[in-house]
Amino acid sequence: IFFRKNSLSMAPAVSTAALIEEDPWDMPELQDTGVKWADLDTKGKILRVLTISAKLILLLGFLYMFVCSLDILSSAFQLVGGKAAGDIFQENSVLSNPLAGLVIGMLVTLLVQSSSTSSSIVVSMVSSGLLEVSTAVPIIMGTNIGTSVTNTFVAMTQVGDRNKFRRAFAGATVHDFFNWLSVLVLLPLEVATGYLVKLTDLIVKSFNIQSGENAPALLNVITDPFTHSIIELDESVISGIATGDPEAKNKSLIKVWCQTASNTTVQNVTVSNCSDFTCWELKNVTEVINIKKCNHIFVNTNLSDLAVGLILLACSLLILCTCLILIVKLLNSMLKGQVAVVINKIMNTDFPFPFAWLTGYIAIVFGAGMTFIVQSSSVFTSAITPLVGIGVIKLERAYPLSLGSNIGTTTTAILAAMASPGETLGNSLQIALVHLFFNLSGIVLWYPIPFTRLPIRLAKALGQLTAQYRWFSGFYIIACFFVFPLLVFGLSLAGWQVLVGILVPIVAVLIFAIIVNILQNHKPQWLPSALRSWDFLPQWAHSLEPWDRVVTIMVARCCCCCKCCNVTEKDEETGTHENKDNEIEMYDKEAKKTSDSCEILKATSL
């Protein structure tokens with residue numbers, strides 16, 4: 001009896017084990033909860049095979065529509081902002097500023113939603129002599145950052161589940177942090193030493209590289225028949241605007257004639273610099289003969305490029321979001337049981353000792369190969385983001401896959417550059433190699449040594465923050481990809497003195513805050529007592545809690561307004577006025593109930 005009493009008195013101590021906080025980044029335990037294949041009868045086996053086959057067909061169909069919607073989304077952005085992107089690239093005085101060139105590369109990639117398009121504009125400007133290779137390097141770095149916004153948007157589709165959203169947003173932003181940190185180190189290094197320009201120049205000159213074939217369109221062979229039936233663009237218009245062609249500004253981006261022929265003849269051309277009399281000279285004049293029209297929907301439209309772009313933008317975003325949600329739901333239903341266990345083991349298991357260190361590099365090669373096949377880093381990283389969210393791929397494994405994707409997207413640019421004419425091949429290839437070695441340099445900085453894998457730690461910190469305050473994810477996207485680039489671009493237009501005068505104090509304050517935070521966490525004794533915490537500042541300056549209350553109150557008020565409007569509309573749509581007194585009484589009760597619920601929402605939000 002004494003032993004039993006003692007053991008009972010010890011029970012509360014045992015229950016404290018439940019108070020131990022679990023690691024939020026632990027992968028969810030995947031178990032085979034379904035009926036085993038051997039336990040199924042013939043009918044059950046047939047049904048399972050048919051179900052799995054149907055889900056696979058649906059998944060492939062949704063993936064196909066997802067890729068097509070990304071292609072159409074890119075076309076829509078080009079129609080809406082393509083000419084503006086070309087005009088931006090004409091600001092040569094601004095492009096001479098490396099920081100301005102960086103944000104211009106970001107903005108143009110965001111406008112056209114394609115790093116390939118923005119990179120090809122840069123290549124065409126370098127080939128035509130409008131840009132030097134050294135000036136184009138920061139723009140290429142900017143395109144690398146701009147292309148990573150797509151998978152960050154994809155992570156927002158899992159915002160409903162806190163744990164899935166934490167993992168998905170971290171899996172998406174680990175790509176962002178890699179690009180930002182690489183630029184933070186390599187852009188100043190490039191400005192100071194020009195090592196990327198010098199290295200790629202040595203490579204181009206040391207090999208007698210001849211023009212090759214066009215870049216293989218592996219995925220486009222499948223998607224082009226569908227996307228080209230909806231819209232087809234003339235890519236040369238944006239490049240023409242960027243290179244200063246006056247005729248390009250009046251042309252529509254919508255392609256009308258898909259099959260043309262050129263006829264070059266020698267003709268007498270009037271020379272305008274003759275002083276007193278008209279004179280002519282013989283010149284080669286090329287005439288374009290239109291043979292066959294395109295077959296897309298908007299080939300004979302009278303709408304402007306902006307109107308067509310907005311229509312396609314709305315439709316492609318709707319299809320994109322719908323496909324993503326359905327893909328996540330299908331993956332959730334398919335990646336269960338034995339399938340989930342097998343995929344989890346394949347993707348997350350390291351090689352046995354002493355070759356465990358090779359696993360990450362194999363993942364980099366795999367990511368590069370898959371990106372080369374689909375010819376889009378956005379497609380590949382957007383595809384693995386939901387898998388990170390549902391817990392099939394670890395964040396530590398998604399990181400090298402994203403790094404490989406950065407490498408894979410540069411190989412197609414190199415192949416495309418090798419198809420350039422002989423006189424522009426050197427510069428075109430050099431810019432493509434700059435993109436490749438920028439990503440390779442970033443991998444050397446932020447991957448080989450585990451301590452230097454800062455993007456993983458930063459992505460986890462941001463994922464944890466956005467899981468607690470989910471509205472902060474939208475603030476992060478708007479601030480990093482839109483507000484900051486537009487601010488720097490606007491300051492660049494005002495002159496480098498204004499840019500330096502405003503940005504330098506902001507950067508100095510940020511560096512000071514980062515250093516103090518690090519010391520507070522690791523060496524607080526090195527700091528004066530006042531700086532050992534941020535409590536001396538107002539709470540809104542060092543915590544998101546007050547901002548969260550403001551957002552909650554705003555949402556609560558919006559919900560109350562919507563409910564009150566619904567009650568009013570419902571009352572107005574009621575039947576005849578026979579029982580008017582009953583209607584008024586019901587309305588008063590409904591309004592009071594809604595008012596009470598609003599007060600509860602406001603009280604809880606406070």
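Residues numbered from 1 in each chain as written. Predicted model: local features only at pLDDT ≥ 70, side-chain atom pairs only at ≥ 80, totals over all residues. Heavy atoms only, no water.

Draft legend 1. Summary view of the overall build of the protein. Check the secondary structure of the protein and you find 24 helices and two strands. Counting the 606 residues in the protein, one finds 39% classified as buried. For the protein, restricting intrachain contacts to residue pairs at least 6 apart in sequence, the fraction spanning at least 24 positions comes to 75%. (Helix = DSSP H or I, 4+ residues; strand = E, 2+ residues; numbered from the N terminus. Buried < 20%, exposed > 50% of the residue type's maximum accessible area, 1.4 Å probe, protein only. Contact = heavy atoms within 4.5 Å.)

Draft legend 2. Summary view of helix 16 (residues 377-389). The end-to-end C-alpha distance of helix 16 is 19 Å, a good match for the 18 Å that 13 residues give at a rise of 1.5 Å each. With 12 of 13 residues buried, helix 16 is to be regarded as a mostly interior element. Taken as a whole, helix 16 has its buried residues at Ser377, Ser378, Val379, Phe380, Thr381, Ser382, Ile384, Thr385, Pro386, Leu387, Val388 and Gly389. At the C-terminal side of helix 16, Gly391 shows a positive phi close to 90°. (Expected span 1.5 Å × (residues − 1).)

Draft legend 3. Up close: the UniProt feature "transmembrane region" (unreviewed entry) in the protein. Here, the residues flagged by UniProt with the feature "transmembrane region" (unreviewed entry) are residues 46-73, 94-113, 177-197, 306-331, 351-374, 428-449, 469-492 and 498-519. In residues 306-331, helix accounts for 100% and strand for 0%; the two terminal C-alpha atoms are 36 Å from one another. Taken end to end, residues 428-449 is 86% helix and 0% strand, and its two terminal C-alpha atoms sit 33 Å from one another. (UniProt positions renumbered as here; feature names shortened; annotations may be inferred.)

Draft legend 4. Structural context of the pattern of salt bridges. Taken as a whole and judged by the stated rule, the model has two salt bridges. Of the charged contacts in the structure, one is a salt bridge between Lys205 and Asp201, with a shortest N-O distance of 3.2 Å. Here Lys205 and its partner Asp201 are both found in helix 10 (residues 195-206), four residues apart, which amounts to about one turn of the helix. Classification of Lys205 by relative accessible area gives exposed; the value is 65%. Glu396 is the partner of Lys460 in a salt bridge, and the nearest nitrogen-oxygen pair spans 2.9 Å. With a gap of 64 residues between them, Lys460 in helix 19 (residues 454-468) and Glu396 in helix 17 (residues 395-418) connect regions that are remote in the sequence. (Salt bridge = Lys/Arg side-chain N within 4 Å of Asp/Glu carboxyl O.)

Draft legend 5. Region of the structure containing the state of the cysteines. Counting across every chain of the model gives one disulfide. Here Cys258 is linked by a disulfide to Cys294, with a sulfur-sulfur distance of 1.8 Å. Its S-S torsion of about 110° marks the bond between Cys258 and Cys294 as right-handed, since a negative value means left-handed. Taken together, the residues Cys258 in strand 1 (residues 257-271) and Cys294 in the loop between strand 2 (279-293) and helix 13 (305-334) connect sequence positions 36 residues apart. A residue is classified by how much of its surface remains accessible, and Cys258, at 36% relative accessible area, is partly exposed. Counting only cysteine sulfurs, Cys68 is the nearest neighbor of Cys323, a cysteine outside any disulfide, at a range of 9.1 Å. Here Cys323 falls in the buried class, since its relative accessible area comes to 6%. (Disulfide = S-S within 2.5 Å.)

Draft legend 6. Summary view of the packing of aromatic side chains. Scanning all chains against the criterion turns up 12 aromatic pairs. Judged by centre distance (5.4 Å) and plane angle (35°), the rings of Phe472 and Phe475 are tilted. Here Phe472 pairs with Phe475, and both are found in helix 20 (residues 471-494), just three residues apart, close to one helical turn. Where Tyr476 meets Phe481, the ring centres are 6.3 Å apart and the plane angle is 90°; that geometry is what we call edge-to-face. Classification of Tyr476 by relative accessible area gives buried; the value is 7%. (Phe/Tyr/Trp six-rings, centres within 6.5 Å; stacked < 30°, edge-to-face > 60°.)

Draft legend 7. Geometry of the nonpolar core. In terms of nonpolar packing, the biggest core is built from 58 residues, with Met141, Tyr399 and Phe481 touching the most fellow members. Take this core: its biggest share by element is 12 residues, from helix 9 (residues 162-193). Residues in contact with Phe481, not counting those within four places in the same chain, are Met106, Leu110, Ile145, Ser148, Val149, Asp176 and Tyr476. Core analysis: the second largest hydrophobic core is formed by 38 residues, Val67, Ile72, Val308 and Leu324 among them. (Core = buried A, V, L, I, M, F, W, Y, C linked by side-chain atoms within 4.5 Å.)

Draft legend 8. The environment of Ser119, seen in detail. With respect to the helices, strands and loops of the structure, Ser119 is situated in helix 6 (residues 115-127). Once the C-alpha coordinates of Ser119 and Gly105 are considered, the two residues, 14 residues apart in sequence, prove to be 8.6 Å apart. Aside from chain neighbours lying at most four places away, what touches Ser119 is Ile140 and Thr143.

Draft legend 9. Representation of the side chain of Asn179. Its place among the elements puts Asn179 in helix 9. Overall, the relative accessible area of 0% leaves Asn179 in the buried class.

Draft legend 10. Summary view of the packing of helix 9 against helix 16. Packing of helix 9 against helix 16 leaves a shortest axis separation of 7 Å and a crossing angle of 145°. The element helix 9 and its partner helix 16 pack so that their crossing is right-handed. Judged by residue contacts, Lys164, Arg167, Ala168, Gly171, Ala172 and His175 of helix 9 engage Thr381, Thr385, Val388 and Gly389 from helix 16. Taken together, the residues that form the contact of helix 9 with helix 16 break down as three nonpolar, five polar and two charged. (Axes fitted to C-alpha atoms, helices over the stretch in contact; angles between N-to-C directions. Left-handed = near helix turned anticlockwise from the far one by under 90°. Nonpolar A, V, L, I, M, F, W, Y, C, P; charged D, E, K, R; others polar.)

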